[in-house]
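The lines below spell out each chain.
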Amino acid sequence: MTTRAGMLIAAGALVAGTVTVLPASAAGTGEPTPRPLPPLSWTACGTQAYPRLQCATLKVPLNHDDPAGRSITLALTRVPHTAETSLGPLFVNPGGPGGSGRGMAGYVASSLPAEVAAQYDVIGFDPRGVGKSEPALDCRPGHFDPVRPDSVPRGTDAERTALERAQAFAAACGKKHADVLPYIDTVSTARDLDLIRKALGAERINYLGYSYGTYLGAVYARLHPERVGRMALDSVVNPNGVWYEDNIAQDYAFDTRHKDFMAWVAKHSAVYKLGKDPAAVEAAWYRMREELRDSPAGGKVGPGELEDTFLPGGYYDGYWPKLATAFSAYVNEQDPAPLKAAYERYAEADSAADNGYSVYTAVQCRDAAWPKDWNVWRKDNWEVHAKAPFSTWNNAWYNAPCAFWPVAPLTPPEVANDQLPPVLILQATDDAATPYEGGLALHRMLRGSSLVVEQGGGNHGVTLAGNDCLDKHLSTFLATGTVPRATGTSEVDAVCAALPAPEPDPVPATPKTTGKAAGKAAGEVAAEAAPETGTEKTAPETAAETAEKAAEAAPEPATKAAVPSGSARVLPAGATLHGLLGHVR
């Protein structure tokens, strides 16, 4: 799947394939006696964009089966309701795993119709291990520093090097976070949500989850169906595939979406001058990739970094114009500077990315079993690569620490549910990160759910992102609890047309360089000259900057909010939702 040694004693006490035990409301067994929860103390932490934002922290058990034991701290944000009566809390989660949700509260509250937002206390949170929650994981700082080895292993030596790198990450995580790794998982996070609910004094939660947040919401609903109010799930993880099979499905879907991008570039050949044939444009992209093996752009962008840079285009087509501009400049002008600038803008990892990737791997490797025999990975990924080469091996190495993870896996809980009020599911047909089949599968699992489809849409995270039809379904549901219903036998309850593809940015005239060797200095100049604000004309702020702004006035002692970005699959924030989403890779 925006997906991510010192633990031998803990691992030895666990058995691979251990069944995830649900609490009393789901499994019918007695829960341990919980410790009393102090009331939340909300303090003003408003920003210019979100002046009514408030912040708080909540201590929860590290191990929910030992509530009197060690506690950890969750960082929360809130935009309180303003209506005379409230529909209760609306929890919002951007996905990941590893994505910070503190910045989501202000965004969602300001993006919903005012009369709808006024009825809710919109609650954002950093899940355990993430961002401002403590402790925050950071297994191996600099793991994604450029230039990494080519993601496609050419020979046994290259494969061995990549395997050693994955093993080093897993070992570092086990050594550094041995005490918490057994408790960084989806079920534990879902149980945290219920403690937040209790601390808020609410009987039920309402919930808006994107990407991995859809799986988290489905798990919570299975644990506590009687505590679910209105639940909307956007861009759905397929619960049948967590997590190895879902990643294989992504490889095919991202390759298809990359081909969509190549076709868009070909359509606009008058601007980008890369040819009118999509296959020829794609061939030029792979030639560029091959050249970067020997001469990384600006000393930073090798083949793996190139994939990282263009992968955001698979999540959101709003990035296509600037990615195409960088592609065109490299091929037509022999100018690597825009490519380096695009990498720094869309993909370069920072400390927040290190945190996000650490949590990504901790959750996905713990949630479910992965093949422990590397021969299985090798066979599967070469087979997929033969049909879908764009990011298959990049994704394989991203997840490879799970083959060596120092904590034994759990068995994912069943999420099928016939005890819920209507759940609203929203899904684009051509979503690469969470393919359409996942939305359909969850729709079938949740009796009484309603499926709204964006026909022909390829973006990931489709509500509150500019599609008025989808937003109307969401806002109507949150306001009234009403969902659309199909007539006849269709499984799809409503269809919205996709937004049109973006228009290209004009390609600026670039001065001739002395060749690609001049790229580093030219890239530095280009980055320094990049505009600072906006979407069409300017560079978007990073996701970390967005969250920092959301929390800049927070009075509680803590480090700066860290929102995963770059390789941790939280994309840069602009004027849309996509910069805040924590994407399952």
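See above for the structure.
Residues numbered from 1 in each chain as written. Predicted model: local features only at pLDDT ≥ 70, side-chain atom pairs only at ≥ 80, totals over all residues. Heavy atoms only, no water.

Enquirer: Could you give an account of the packing of helix α8 (residues 244–267) against helix α17 (residues 392–399), with specific residues and numbers?
Expert: Where α8 meets α17, the axes come as close as 9 Å, and the angle between the chain directions of the two elements is 155 degrees. On the basis of the axis angle, α8 is roughly antiparallel to α17. By crossing handedness, the relation of α8 to α17 is classed as right-handed. Along the contact surface, α8 presents N247, Q250 and D251, while α17 presents T392, N395 and N399. (Axes fitted to C-alpha atoms, helices over the stretch in contact; angles between N-to-C directions. Helix = DSSP H or I, 4+ residues; strand = E, 2+ residues; numbered from the N terminus. Parallel < 35°, antiparallel > 145°, perpendicular 65-115°, else oblique. Left-handed = near helix turned anticlockwise from the far one by under 90°. Contact = heavy atoms within 4.5 Å.)

Enquirer: Account for unusual backbone geometry, naming residues and giving values.
Expert: The omega torsion across E134 and P135 is -5 degrees, close enough to zero to call that bond cis. Within the secondary structure, P135 sits in the loop between β6 (121–126) and α5 (156–176). In the segment running from V242 into W243, the intervening peptide bond is cis, with an omega of -10 degrees. Looking at the element boundaries, W243 is found in the loop between β8 (228–236) and α8. Despite not being glycine, S235 shows a phi value in the positive range, around 70 degrees. Judged by relative accessible area, which is 1%, S235 ranks as buried. Even without glycine at this site, Q334 takes up a positive phi of about 55 degrees. On the accessibility criterion, Q334 (35% relative accessible area) is partly exposed. (Buried < 20%, exposed > 50% of the residue type's maximum accessible area, 1.4 Å probe, protein only.)

Enquirer: Tell me about the environment of T411, and please be specific about residues and values.
Expert: Considering the arrangement of structural elements, one finds T411 in strand β9 (residues 410–411). On the basis of relative accessible area, T411 is assigned to the partly exposed category, the value being 29%. Each C-alpha atom, one on T411 and one on D367, is 6.6 Å from the other, the two residues being 44 residues apart in sequence.

Enquirer: Kindly report on helix α16 (residues 374–387), identifying the contributing residues and their values.
Expert: With 14 residues, α16 extends 20 Å between its outermost C-alpha atoms, agreeing within 8% with the 20 Å of an ideal straight helix rising 1.5 Å per residue. By the burial criterion, the buried members of α16 are W374, W377, N381, V384 and H385. One side of α16 holds all its buried residues, which, seen down the axis, span an arc of 100 degrees. Away from its buried face by more than 90 degrees, α16 exposes A386 and K387. Where α16 is buried, its residues contact α5, α8 and α17. (Expected span 1.5 Å × (residues − 1). Arc of directions from axis to C-beta.)

Enquirer: So what about the state of the cysteines? Which residues, and what values?
Expert: The final tally for this structure, using the stated rule, is four disulfides. Here C139 is linked by a disulfide to C173, with a sulfur-sulfur distance of 1.8 Å. Note that C139 is positioned in the loop between β6 and α5 and C173 in helix α5, a separation of 34 residues in sequence. Sulfur-sulfur distance for the disulfide between C365 and C402 comes to 1.9 Å. The sign of the -80 degrees torsion about the S-S bond sets the C365-C402 disulfide as left-handed. With C365 in helix α15 (residues 351–367) and C402 in the loop between α17 and β9, the pair connects residues that are 37 residues apart, well separated along the chain. (Disulfide = S-S within 2.5 Å.)

Enquirer: Describe the environment of L200, naming the residues involved and giving the relevant values.
Expert: Examined against the element boundaries, L200 turns out to sit in helix α6 (residues 186–200). The partly exposed category is assigned to L200, whose relative accessible area is 25%. Separated by 162 residues in sequence, L200 and P38 have C-alpha atoms that sit 9.9 Å apart. Each residue touching L200, except ones within four places of it in the same chain, is listed here: L40, W42, P89, F91 and I123.

Enquirer: Go over helix α10 (residues 278–294), please, and point to the residues and values.
Expert: Between its first and last C-alpha, α10 extends 26 Å over 17 residues, near the 24 Å set by a 1.5 Å rise per residue. Buried residues of α10: V281, E282, A284, W285, M288, R289 and L292, and no others. Summarising the axial view, the buried residues of α10 lie within an arc of 155 degrees, below the 170-degree limit, and thus occupy one face. Those residues of α10 that are exposed and angled more than 90 degrees off the buried face are R287 and D294. Against α8, α11 (303–310), α13 (320–333) and α14 (337–346) lie the buried residues of α10. A side-chain oxygen of the first residue of α10 lies 3.1 Å from the backbone nitrogen of A279; this N-cap is D277. (Polar contact = N/O pair within 3.5 Å; in protein donor to acceptor, adjacent residues only side chain to side chain.)

Enquirer: Outline the sheet that holds strand β7 (residues 205–211), supporting the account with residue identities and numerical values.
Expert: Taken in spatial order, the 10 strands make up an open sheet running β2-β3-β4-β6-β5-β7-β8-β10-β11-β12, and their pairing is mixed. One side of each edge strand has no neighbouring strand; the edge strands of this open sheet are β2 (43–44) and β12 (494–497). Relative to β6, strand β4 (residues 71–79) runs antiparallel, the two being bridged by five bridges. Bridge assignment links A75 to a residue of β6, and that residue is D126. Taken strand by strand, helix α3 (residues 104–111) contacts β4, β5 (89–93), β6 and β7, and its axis lies near 150 degrees from that of β6. Across the sheet, helix α7 (residues 212–223) lies against β5, β6, β7 and β8, angled at about 145 degrees from β7, the strand it touches most. (Pairing = 2+ DSSP bridges.)

Enquirer: Describe the environment of K175, listing the residues and the values that go with them.
Expert: Topologically, K175 is positioned in helix α5. Here K175 falls in the exposed class, since its relative accessible area comes to 70%. Between the C-alpha atom of K175 and that of C139, which follows or precedes it by 36 residues, the distance is 8.5 Å.

Enquirer: How would you summarise empty space enclosed by the protein if you had to cite specific residues and measurements?
Expert: Taken as a whole, the largest cavity encloses approximately 140 Å³ of empty space. R148, P149, S151, R165 and W397 are the residues nearest the centre of the largest cavity, which is lined by 11 residues in total. For the lining of the largest cavity, the secondary structure elements donating two or more residues are α5 and α17. For the lining of the largest cavity, the leading source of residues is α17, giving three residues. Taken as a whole, the second largest cavity holds about 80 Å³ of empty space. (1 Å grid on protein atoms, 1.4 Å probe; cavity = no way out; pocket = protein on both sides within 12 Å on 5 of 7 lines; lining within 4 Å. Points joined across faces, edges and corners; volume = space filled by probe spheres on them.)

Enquirer: I'd like a rundown of the packing of aromatic side chains, residues and numbers included.
Expert: Two numbers describe a pair of aromatic rings. These are the distance of the centres and the angle of the planes. A full pass over the atoms with the stated rule returns 29 aromatic pairs. Aromatic side chains Y360 and Y398 sit 5.0 Å apart centroid to centroid with 65 degrees between the ring planes, which places their arrangement in the edge-to-face category. Of this pair, Y360 sits in helix α15 while Y398 sits in helix α17, placing them 38 residues apart in sequence. Accessibility expressed as a relative area gives 2% for Y398, which makes it buried. (Phe/Tyr/Trp six-rings, centres within 6.5 Å; stacked < 30°, edge-to-face > 60°.)

Enquirer: So, the side chain of N247: which residues are in play, and what are the values?
Expert: For N247, the position within the fold is in helix α8. Classification of N247 by relative accessible area gives buried; the value is 4%. A polar side-chain atom of N247 sits 2.8 Å from the main-chain carbonyl oxygen of W243. Of the polar contacts made by the side chain of N247, one reaches the side chain of N399; its length is 2.9 Å.

By themselves, these observations are geometric and do not establish any function.
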